[in-house]
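Structural characterization, general
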Amino acid sequence: MTHPPHQILRLGPDHIAEMRALNAVFAAAFEDPDSYTAAPPSDAELRQRLSQPSVIALVAVLDETVVGGLVAYEIEKLEQARREIYIYDLATAAPARRRGIATALVRHLQQIATDRAATALYVQTEPDDTAAIALYAGLGSRLDVLHFDLDLNTKGPTA
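Calculation rules
Residues numbered from 1 in each chain as written. Predicted model: local features only at pLDDT ≥ 70, side-chain atom pairs only at ≥ 80, totals over all residues. Heavy atoms only, no water. Salt bridge = Lys/Arg side-chain N within 4 Å of Asp/Glu carboxyl O. Buried < 20%, exposed > 50% of the residue type's maximum accessible area, 1.4 Å probe, protein only. Helix = DSSP H or I, 4+ residues; strand = E, 2+ residues; numbered from the N terminus. Contact = heavy atoms within 4.5 Å. Core = buried A, V, L, I, M, F, W, Y, C linked by side-chain atoms within 4.5 Å. Axes fitted to C-alpha atoms, helices over the stretch in contact; angles between N-to-C directions. Parallel < 35°, antiparallel > 145°, perpendicular 65-115°, else oblique. Nonpolar A, V, L, I, M, F, W, Y, C, P; charged D, E, K, R; others polar. Pairing = 2+ DSSP bridges.

With that settled, consider the pattern of salt bridges. The final tally for this structure, using the stated rule, is 9 salt bridges. Put simply, Glu-74 and Arg-83 hold a salt bridge, and the shortest N to O gap is 2.8 Å. No difference in accessibility class separates Glu-74 from Arg-83, as the two residues are buried. Taken together, the shared-partner salt bridges connect Glu-74, Glu-76, Arg-83 and Arg-116 into one network.

Laid out in structure tokens, this is it:
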């Protein structure tokens, strides 16, 4: 079955509506509206964030509708003159899945990473997210690591 083509677009400061639409896709795909749509940043704040070169937001548009996208961050390293890119969120709306959109988004990001002379592009996923694991396994190599969310409510070191 042939699907209509989608367009990949990198968001900039003038793409507020598209970023909000992408956050709605994330909210639905991750079943987490509290994180993605409950307390959105103001237009001015979103515009400022989207204007930073280290913030990479890509959307897939099909029939003028945002049907998927990713948000990645470029990290400047201090131990060497290099940079890495971390994919923070990647999702496709349920009706648009199985059309190669997620792969196209990652491929587009790979080109950005190459153009930016990044030395690494990486992502993490939950161990039970079989669809994401299958996608990423087809695009790179797997490294099993442990992830820790550290408590922010500490008083700091005692003297």
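Our focus in this paragraph is the environment of Leu-22. Structurally, Leu-22 is set in helix H1 (residues 16-29). On a C-alpha basis, the gap between Leu-22 and Gly-68 in space is 6.5 Å, while along the polypeptide they are 46 residues apart. With near-sequence residues (within four places) excluded, Leu-22 lies in contact with Leu-58, Val-59, Val-66, Gly-68, Gly-69, Leu-70 and Val-71.

Next up on the list: the nonpolar core. Membership of the largest hydrophobic core comes to 23 residues, with the highest contact counts inside it found for Ile-56, Leu-58, Leu-70, Ala-72, Leu-90, Leu-105 and Leu-109. By residue number, the principal contributor to this core is helix H4 (residues 101-115), which donates 7 residues. The next biggest cluster of nonpolar side chains, apart from the first, holds 16 residues, and it includes Ile-16, Leu-22, Tyr-36 and Val-59.

Let us now look at the packing of H1 against helix H3 (residues 43-50). Where H1 contacts H3, the two axes come as close as 10 Å, and the packing angle between them is 95°. When the axes of H1 and H3 are compared, the pair comes out roughly perpendicular. Taking contact as the criterion, the partners of Ile-16, Met-19 and Arg-20 in H1 are, on H3, Asp-43, Leu-46, Arg-47 and Leu-50. Residue classes in the contact of H1 with H3 are distributed as 4 nonpolar, no polar and 3 charged.

Turning next to unusual backbone geometry. We note that Asp-63 has phi near 50°; this positive angle belongs to a residue other than glycine. Tracing the backbone shows Asp-63 in the loop between strand S2 (55-62) and strand S3 (65-76). What makes Asp-63 exposed here is its relative accessible area of 63%. With a phi close to 65°, Glu-64 is a non-glycine residue in the positive phi region. Locating Glu-64 in the fold gives a position in the loop between S2 and S3. Assessed through its relative accessible area of 80%, Glu-64 is described here as exposed.

As a further point, take the pairing of S2. Counting buried positions along S2 yields 8 of 8 residues, so the element is predominantly enclosed. Along S2, one buried face is formed by Val-55, Ala-57, Val-59 and Val-61 and the opposite face, lined by Ile-56, Leu-58, Ala-60 and Leu-62, is buried too. Pairing of strand S1 (residues 7-10) with S2 involves 4 bridges; the strand directions are antiparallel. Among the inter-strand pairings, Arg-10 is bridged to a residue of S2, identified as Leu-58. Both S2 and S3 contribute to a ladder of 8 bridges, which runs antiparallel. Residue pairing across strands places Leu-58 opposite Leu-70, the latter belonging to S3.

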